[in-house]
Amino acid sequence: MATDNRKVILGALLLFVSTALILGTGPIDVAIPAVAAGVASLGLAAGALLVGTSEDGRPV
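Note that residues are indexed from 1 along each chain, following the sequence as it is written. The model is predicted, so local features are restricted to residues of pLDDT at least 70 and side-chain atom pairs to those at 80 or more, both for listing and for counting; the totals for chains, interfaces and linings are taken over all residues. To get the side-chain values, take all heavy atoms of the structure and skip hydrogens and water.

1. Quick notes on the overall build of the protein
Put simply, the rule is: In this text, helices come from DSSP runs of H or I with a minimum length of four residues, and strands from runs of E with a minimum of two, each type numbered from the N-terminal end. Computation of the radius of gyration draws on C-alpha atoms alone. For the globule rule, the value is 2.2 Å times the number of residues to the power 0.38. Burial classification: accessible surface area is computed with a 1.4 Å probe over protein chains only, and a residue below 20% of its type maximum counts as buried, one above 50% as exposed, and the rest as partly exposed. The contact rule is simple, with two residues in contact once any of their heavy atoms fall within 4.5 Å. Calculation of accessible area relied on Shrake-Rupley with a 1.4 Å probe; when residues are assessed, cover is drawn exclusively from the protein chains displayed.
Counting secondary structure elements, the protein contains two helices and zero strands. On C-alpha atoms alone, the protein measures out to a radius of gyration of 14 Å, which is more than a quarter above the 10 Å that the 2.2 N^0.38 rule sets for 60 residues. With respect to the principal axes defined by its C-alpha atoms, the protein has extents near 45 × 15 × 15 Å. Relative to its 60 residues, the protein shows a buried fraction of 12%. Look at the contacts in the protein between residues 6 or more apart in sequence, and 74% of them connect residues 24 or more apart. Put simply, the protein shows about 4400 Å² of open surface, and 72% of that area lies on carbon and sulfur atoms.

In structure tokens:
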């Protein structure tokens, strides 16, 4: 099965940036706006979707 490297790289980048935005602001007590948190959560979902569908065949 072939893996689409672009999907994996983009998905991993989205997951990393979104996670850093949500979890990284907690310890330094910086409140992020609700819109930014919403966009970050959508970034997590999109990143997981891209990584999950990066291979040929049926995604699980």
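2. Considering the side chain of Ser 18
Secondary-structure assignment places Ser 18 in helix α1 (residues 5-24). With residues near it in sequence (within four places) discarded, Ser 18 still touches Ala 40, Gly 43 and Leu 44.

3. What to know about the pattern of salt bridges
The cut-off we apply is this: By definition, a salt bridge exists where a carboxyl oxygen of Asp or Glu is found within 4 Å of a side-chain nitrogen of Lys or Arg.
This structure, assessed with the given rule, holds one salt bridge. Put simply, Asp 4 and Arg 6 hold a salt bridge, and the shortest N to O gap is 3.7 Å. Given the relative accessible area of 26%, Asp 4 is considered partly exposed. Taking the relative accessible area as the measure of exposure, Arg 6 reaches 66% and is therefore exposed.

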